[in-house]
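# Structural overview for review
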Amino acid sequence: MKNLQAAAIIPAAGFGTRMKLDQPKQYLHLGGVPILLHTAKAFIENPHIQELIVVIPADRIEQTSELFKQYRIQYDGLRIVAGGKRRQDSVLNGLRATSDDCDIVLIHDGARPLVSQAVIDRCYNGAITDGAVIAAVPVKDTLKKIEKNSRISGTIDRSNLYQAQTPQAFRKELLVRAYQQNGEEDVTDESSLLEKATIPVTIVEGSETNLKITRPEDLALAEQIITNSRQPDVKIGHGYDAHRFAEQRPLVLGGVTIEHSHGLAGHSDADVLTHALCDALLGALGAGDIGKHFPDSDDTFKNIYSIKLLKKVIQFSADKDYTLSNADITVVCQAPRLAQHIEKMRTLLAKTCKTDPQHINIKATTTEKMGFTGRKEGISCHAVVLLQSCSN
């Protein structure tokens, strides 16, 4: 079978009002990753696809580009374009963004993140042999026709009925012709445009798990499918650090300078909280500790702002294909009181770790005047982290 060049268009410019959320559903997380990125990766990983056109709301182009960078999804054939008023307008914008070399176009809902490689392959091959195909599954339930009063008026024969899914795959010239003839008419999917243009469309086997995230219960079901289909690749790390108080030093904790009579002694800024977090991250990766990577014998790190060290550790984690899932941090000190500074710390640490502040938990406690922290000789900190593989 001749290998024709194919582009996948992912229309994701809708808002998904049935989810009753304040953001488009395609940006919700599924298994720790935005739904849209799950969908995109499925096509990036398919060898038949050379171009990926993601169509999103115009005001979210920058955000979407940053998401691809954040999750380290790099693809030379990726283009992100603005959508239109209707779904078919968005698909048309995506179609116009395909290259002149494109022979086959696959169109797939941005909110169908569980599409399998087998379904993509069937659609691609079907477009080559038949010109236009859609993935679909037979209707299994008995169908009833009702009147306006909700009374049943009849039973519909389901023997020849199928539930349409995506991808829908077409030879590019057929899709272009269908748009030229019927693009102004309102349709619910692209195959309807071809049907109106009397271009035959064939069904290929879809999948029951190729569900579309439309309502909150769909997202819960998708989470369950993902959980059952893979073992999560996660790593746990624990970090601990302690520094004694020192005069004429600023007190820096979690990257935030706190007014206090003493700072902490150390080669860097002695940010005991950030150091413990760095150690936990490195420990989860089996990569030693902060002293191994940033030794106090190196003047490069003298008085360095420890948030800069955390940035390096986060990049090191990303290079190992891991991202921070959550962190739980406990600061132990008799003084100063930290409650008023915790939110600022969380916000800064979350930004540095490229995660949401809700994934960073910081607690402050005392030892009831016991031990070196109780005697106000210094501050210690414990940190526990969970890392998750970016490819999971």
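Here is what the cut-offs are and how they apply
Residues numbered from 1 in each chain as written. Predicted model: local features only at pLDDT ≥ 70, side-chain atom pairs only at ≥ 80, totals over all residues. Heavy atoms only, no water. Helix = DSSP H or I, 4+ residues; strand = E, 2+ residues; numbered from the N terminus. Rg over C-alpha atoms; globule rule 2.2 N^0.38 Å. Buried < 20%, exposed > 50% of the residue type's maximum accessible area, 1.4 Å probe, protein only. Contact = heavy atoms within 4.5 Å. Areas by Shrake-Rupley, 256 points an atom, 1.4 Å probe, with all protein chains shown as cover. Lys, Arg positive; Asp, Glu negative; His and termini not counted. Charge placed at Lys NZ, Arg CZ, Asp CG, Glu CD. Pairing = 2+ DSSP bridges. Polar contact = N/O pair within 3.5 Å; in protein donor to acceptor, adjacent residues only side chain to side chain. Axes fitted to C-alpha atoms, helices over the stretch in contact; angles between N-to-C directions. Salt bridge = Lys/Arg side-chain N within 4 Å of Asp/Glu carboxyl O.

### Comments concerning the overall build of the chain
Of the regular secondary structure elements, the chain holds 12 helices and 18 strands. The C-alpha atoms of the chain give 27 Å as radius of gyration, which overshoots the globular expectation for 392 residues (21 Å, by more than 25%). By principal-axis analysis of the C-alpha atoms, the chain measures approximately 85 × 55 × 35 Å. The buried share among the 392 residues of the chain stands at 50%. The long-range fraction of contacts in the chain, counting pairs at least 24 apart against all pairs at least 6 apart in sequence, stands at 73%. Carbon and sulfur atoms make up 47% of the accessible area of the chain, which amounts to about 19700 Å² in all. If the 46 positive side-chain charges of the chain are averaged to one point and the 47 negative ones to another, these points end up 3 Å apart.

### As for the pairing of strand 7 (residues 132-138)
Burial of strand 7 is extensive: 6 of the 7 residues sit out of reach of the surface. Alignment of strand 7 against strand 10 (residues 162-171), held across 6 bridges, turns out to be antiparallel. If you follow Ala132 over to strand 10, its bridge partner there is Phe170. Direction of pairing for strand 7 relative to strand 11 (residues 202-205): parallel, over a ladder of 4 bridges. Paired with Ala136 across the bridge in strand 11 is Glu205.

### Thoughts on the side chain of Gln88
Within the element layout of this structure, Gln88 appears in helix 3 (residues 87-96). Judged by relative accessible area, Gln88 falls into the buried class, the value being 2%. Side-chain polar atoms of Gln88 contact the backbone oxygen of Gly183, separated by 3.0 Å. One polar contact links the side chain of Gln88 to the main-chain carbonyl oxygen of Glu185, over a distance of 2.4 Å. When near neighbours in sequence (up to four residues on either side) are disregarded, Gln88 contacts Tyr179, Gly183, Glu184, Glu185, Asp186 and Val187.

### A short note on the environment of Thr198
Structurally, Thr198 can be placed in the loop between helix 6 (190-196) and strand 11. Residue classification places Thr198 among the exposed residues on the basis of a relative accessible area of 68%. Sequence separation of Thr198 and Val187 is 11 residues, and the distance between their C-alpha atoms is 15 Å.

### Quick look at the sheet that holds strand 17 (residues 360-365)
Across the sheet, which stays open at both edges, the 5 strands sit in the order 15-12-18-16-17 with mixed pairing between neighbours. Single-partner strands in this sheet number two, and they are strand 15 (263-264) and strand 17. Sheet topology note: the strand 16 (residues 322-332)/strand 17 ladder contains 6 bridges and is parallel. Counted as the bridge partner of Asp328 is Asn361 from strand 17.

### Regarding the sheet that holds strand 1 (residues 6-11)
Taken together, the 7 strands give an open sheet; going across it, the order is 5-4-1-6-10-7-11, and neighbouring strands pair in mixed fashion. Each edge of the open sheet carries a strand with a single partner, namely strand 5 (78-82) and strand 11. Taken over all neighbouring pairs, the strand axes of this sheet differ in orientation by 30° on average, direction set aside. The pairing of strand 4 (residues 49-56) with strand 5 spans 5 bridges and is classified as parallel.

### Here's the deal with the pattern of salt bridges
Applying the stated rule across the entire model yields 13 salt bridges. A salt bridge links Glu208 to Lys140; its shortest N-O distance comes to 3.9 Å. One end of the pair, Glu208, is in the loop between strand 11 and helix 7 (216-229); the other, Lys140, is in the loop between strand 7 and strand 8 (143-146), with 68 residues separating them in the sequence. Residue Lys140 is classed as exposed on the basis of its relative accessible area, which comes to 57%. Linked by salt bridges that have partners in common, Arg87, Asp109, Arg112 and Glu190 make up one network.

### Remarks on the environment of Thr227
Tracing the backbone shows Thr227 in helix 7. Overall, the relative accessible area of 53% leaves Thr227 in the exposed class. Sequence separation of Thr227 and Gly31 is 196 residues, and the distance between their C-alpha atoms is 7.9 Å.

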